[in-house]
Amino acid sequence: MIELFAGIGSQTQALKNAGIEHESVAIAEIDKYALQAYELLHGSILNLGDISTIDLNTAPDCNLITYSFPCQDLSVAGAQLGAEEGSGTRSSLLWECKKLIEAKKPRFLLMENVKNLVGATHKANFEKWLAYLSSLGYSNYWKVLNAVDYGAPQSRERVFCVSILNPLKDFSFPAPTGRTMKIRDILDSKDKVPANMYMNDRPFIFRENITESDNGLIHVGNLSMAGNESIKRVYSPDGVCPTLTTMTGGHRQPKIWTKEDGVRKLTPRECWRLMGFSNENFDKVEGKLSNTQLYKQAGNTICLPCLEAIFKELFNGQY
C-alpha cells in the first residue's frame, strides 16, 4: 500500500485493526506534525513528500493506493473554490494522483472526502475523475457513509470511492452495523479529566431553558460567556458527537453537558477515541504533540470503523 495524503495513517491502522495482512511501502505527506504522529504510531517509512513533485523512480510498486485528498475547497465550511484540474486549489491536488496511478496501476484504489464532493456544486468534477479512472480500466463504486452507522458515536458523513482494476464481480459497500455507541462510551472518568477541560467557572448565561431532543443533542438557547465568545450547542453524553474538524481546539472542540458536572470540553484522547483510535494508539503520541495538534490530527483523519468495514469487505470478498 501507498498512502497519499497519509495524515496519521488511518488506512494502515484500519488494516491492522481488521487483521488484514499488509505492508505500507510509502506515504506522501507534508504536514510535519502528521508525519511525527505517523512515525510514532507506525514506525519510519519512505515519505514521497509533496504529491505534486513525486519522483516516480523512487516510488515502490504497490497494489493499493489510498488518497484522501484535501477537502478545504470542497467543504461547506470552506470557500467552495472547488477541485478542478489545474485550478491551483488545495483540493485540486486530487489530479496530481494521476501520475502515480498510471505508473503503478495498482489493483485497488480507495478515496475518502467530504460529502459535498458529490453535492450539486462539485459532482461534475467528481464524475470527470471517475471517467478518467474508467479510461484506465477501473470499475468505480462510491457511497456516502456515516460513521455513526458503523460503530462510532460521531455523526460524520464522508464519501468513499473504491476502484478496482478488472474486478471479478461488483463491489458492495458493507451494510451499517447499527447506531450502538454514545458519547458516554468514549468518555474518561471524571478523575482522569484535567481541570482545565471544565468550563463552569465561566459566567455562562442561559437565556432559554435547556431541552434535549430525541437524538441526544441538547439545544441551548444562547449560552454565552464573558467577552465575545459564545457556545450555541452543547451535547448530551447520551447522544452522538457532531463531526470533528481540524478547527477543533481552543474553545472550538465539542462540549458536553450534564446536570452533575456542567459544561466541559472533550479531551484530545476522547476525540481520538471518537475516530476509532485506541488508548494504546493515543499513548504513543500523548506528550509528543501539543493538544492543539492532537485535536487537529484527530479532526483531519478518517474514522477507523468505516475504513475497517470497507477493507474487510474488499479483501475478504474475492474482488
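Our structure's up above, just so we're on the same page.
Not measured: the values here are computed from a predicted model.

## Here we look at the overall build of the protein
A tally of helices and strands in the protein yields eight helices and 11 strands. When the 319 residues of the protein are sorted by exposure, 53% land in the buried category. In the protein, the share of contacts with a sequence separation of at least 24, taken over all contacts with a separation of at least 6, comes to 66%. As presented, the protein carries roughly 14,500 Å² of accessible surface, and 46% of it is formed by carbon and sulfur atoms.

## Overview of the packing of helix α1 (residues 10-17) against helix α2 (residues 32-42)
Running from amino to carboxyl end, α1 crosses α2 at an angle of 20°, the nearest separation of the two axes being 11 Å. Taken together, the axes of α1 and α2 lie roughly parallel to each other. For the crossing formed where α1 meets α2, the hand is left-handed. Residues T12, Q13 and K16 of α1 form the contact with α2, whose participating residues are Y38, L41 and H42. In the contact of α1 with α2, the residues fall into two nonpolar, three polar and one charged.

## Observations regarding the sheet that holds strand β3 (residues 64-67)
Taken in spatial order, the six strands of this open sheet run β2-β1-β3-β4-β6-β5, and their pairing is mixed. The open sheet has two free edges, formed respectively by β2 (26-28) and β5 (138-146), since each of these has just one partner strand. Strand-to-strand, the axes of this sheet are offset by a mean angle of 15°, without reference to chain direction. As paired elements, β5 and strand β6 (residues 157-165) share nine bridges and run antiparallel to each other. Pairing of L145 across the sheet is with R158, part of β6. Helix-sheet contacts for helix α8 (residues 304-316) involve β3, β4 (108-114), β5 and β6, and the interaxial angle to β6 is about 20°.

## Some points on α1
Most of α1 is tucked away, with six of its eight residues classed as buried. Regarding α1, the residues found buried are S10, Q11, T12, Q13, A14 and L15. Where the residues of α1 are buried, they touch β1 (2-4), α2, β3, α6 (279-285) and α8.

## Digging into the nonpolar core
Ranked by internal contacts, the top residues of the largest apolar core, which has 52 residues, are F171 and W272. With seven residues, the top contributor of residues to this core is α8. Once you skip the residues sitting within four places of it in the chain, F171 turns out to touch Y141, V162, I164, I310, E313, L314 and Y319. The next biggest cluster of nonpolar side chains, apart from the first, holds 32 residues, and it includes A26, I54, F69 and L109.

Basis of the calculations
Residues numbered from 1 in each chain as written. Predicted model: local features only at pLDDT ≥ 70, side-chain atom pairs only at ≥ 80, totals over all residues. Heavy atoms only, no water. Helix = DSSP H or I, 4+ residues; strand = E, 2+ residues; numbered from the N terminus. Buried < 20%, exposed > 50% of the residue type's maximum accessible area, 1.4 Å probe, protein only. Contact = heavy atoms within 4.5 Å. Areas by Shrake-Rupley, 256 points an atom, 1.4 Å probe, with all protein chains shown as cover. Axes fitted to C-alpha atoms, helices over the stretch in contact; angles between N-to-C directions. Parallel < 35°, antiparallel > 145°, perpendicular 65-115°, else oblique. Left-handed = near helix turned anticlockwise from the far one by under 90°. Nonpolar A, V, L, I, M, F, W, Y, C, P; charged D, E, K, R; others polar. Pairing = 2+ DSSP bridges. Core = buried A, V, L, I, M, F, W, Y, C linked by side-chain atoms within 4.5 Å.

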